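Structural features, examined
Below, each chain spelled out in residue letters.
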Amino acid sequence: MKINETRGHVFVSFFLFATLLGVLSLPLLTYGENSPTTKPPLLNEVLQKGTLEIGVSLFTPWTLKNTQGELVGFEIDVAKQLAKDLGVKPNFHVFEWHDIVPALLNKKIDIIIAGMTITPQRALSLSFSQPYAESGIGLATNTKLTQSFTSLKNLNHPDVILAAVEGTVADDVAHRIFPKATIQVFPSNEKAIHALTTGKIHGYVADNPIPTFLTHDHPGKIDEPLSNPLLSTKAGFAINKGNPDFINFLNAWIIAHEADTWLTSSHKYWFKSSEWR
């Protein structure tokens, strides 16, 4: 069959153009804003609903309750300022530490603002911002139960009971540094402190400055034997994976408030001073 070359060329060119146009429009149809099956990214969702659902856990001075039962602390100040800069309302949800990551993964909350240490293992399931605070893992001991101890080696014994809050980096550190000791994990900071102050355990491995505060609150009963932390740590915001725009905003927020010294001032107030106590 003989084909008119001019007409055939025009037809082929039109066909290729139409095909290319269709291919280029596929991403718009699949991922565009008007697609009924597309859920807005987390940052857009937060801005649209006007609220930020925030997961926290009770660890003084990160988050605690004042005498009126209100949530206060370094992380509460950070969360409120973050929400203010976003132009949304902060809604706080208090969890035991071992429940806070599942709450995020199940989308009961939008973000964890709880002094969460950035670790490679956690980064397998969560997205972290860059660090906005530094801390370390310290040790508080019951003075009466450890009065005959002369070094850390004395704590690494099966008869010695050390506490940590379940699922924290301190929990991991306690098992690694004191492998022969009996490690008892607690669901909350308050329960671990109660066990220490009542003489049920020899020591409590926890984030600084918890050991320092305990020595001030219980002079003669609780001791802080270490001048340096067992491990230095850095904390970041944690959100679900797949939200690069939100991570970008969080990193920009941290940089801006490090530059204007707001983060430094707030951290100093809660961690270095006793004005709030």
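A brief structural summary. The residue numbering used here restarts from 1 in each chain and proceeds along that chain's sequence as written. Two thresholds apply to this predicted model, a pLDDT of at least 70 for residue-level local features and 80 or more for giving and counting side-chain atom pairs, whereas whole-chain, interface and lining totals are computed over all residues. Remark: hydrogens and water are excluded; side-chain values derive from all non-hydrogen atoms of the structure.

1. Let's talk about the nonpolar core
Rule in force here: Put simply, a nonpolar core is a bunch of buried Ala, Val, Leu, Ile, Met, Phe, Trp, Tyr and Cys residues held in one set by side-chain atoms that sit within 4.5 Å of each other. Throughout this description, buried means an accessible area under 20% of the type-specific maximum (1.4 Å probe, protein chains only), exposed means over 50%, and partly exposed covers the range between. For helices the rule is a DSSP run of H or I covering at least 4 residues; for strands it is a run of E covering at least 2, with both sets numbered from the N terminus onward.
Of all hydrophobic cores here, the largest spans 60 residues; its most connected members are Leu52, Leu82, Ile111, Ile113, Tyr132, Tyr204 and Phe237. Here the element with the most residues in this core is helix H3 (residues 74–86); it accounts for seven residues. Core analysis: the second largest hydrophobic core is formed by 14 residues, Ile137, Leu162, Phe178 and Leu226 among them.

2. Looking at the packing of aromatic side chains
So the rule is basically this: Classification of ring pairs uses Phe, Tyr and Trp, with its six-membered ring standing for Trp, and accepts pairs whose centres are within 6.5 Å; under 30 degrees between planes counts as stacked, over 60 as edge-to-face, and the remaining range as tilted. Only when the NZ atom of a Lys or the CZ atom of an Arg is both within 6 Å of the ring centre and within 35 degrees of the ring normal do we say a charge sits over the ring.
Within this structure, the stated rule accounts for 10 aromatic pairs. When the centroid spacing of 4.4 Å and the interplanar angle of 20° are considered together, the rings of tyrosine 132 and phenylalanine 237 count as stacked. With tyrosine 132 in the loop between strand E6 (126–128) and strand E7 (133–142) and phenylalanine 237 in the loop between strand E12 (231–235) and strand E13 (238–240), this residue pair connects regions lying 105 residues apart in the sequence. Here tyrosine 132 falls in the buried class, since its relative accessible area comes to 6%. Classification of phenylalanine 237 as buried rests on a relative accessible area of 0%. Taken together, the aromatic side chains of Trp62, Phe74, Tyr132, Phe237, Trp253, Trp262 and Phe271 make up a single cluster linked through ring pairs. The lysine or arginine in question, arginine 277, covers the ring of phenylalanine 213, its NZ or CZ lying 4.5 Å from the ring centre.

3. Notes on the side chain of glutamine 81
Spelled out, the test is: In what follows, residue pairs with any heavy atoms lying within 4.5 Å of each other are defined as contacts.
Mapped onto the fold, glutamine 81 is located in helix H3. With residues near it in sequence (within four places) discarded, glutamine 81 still touches Trp253, His257 and Trp262.

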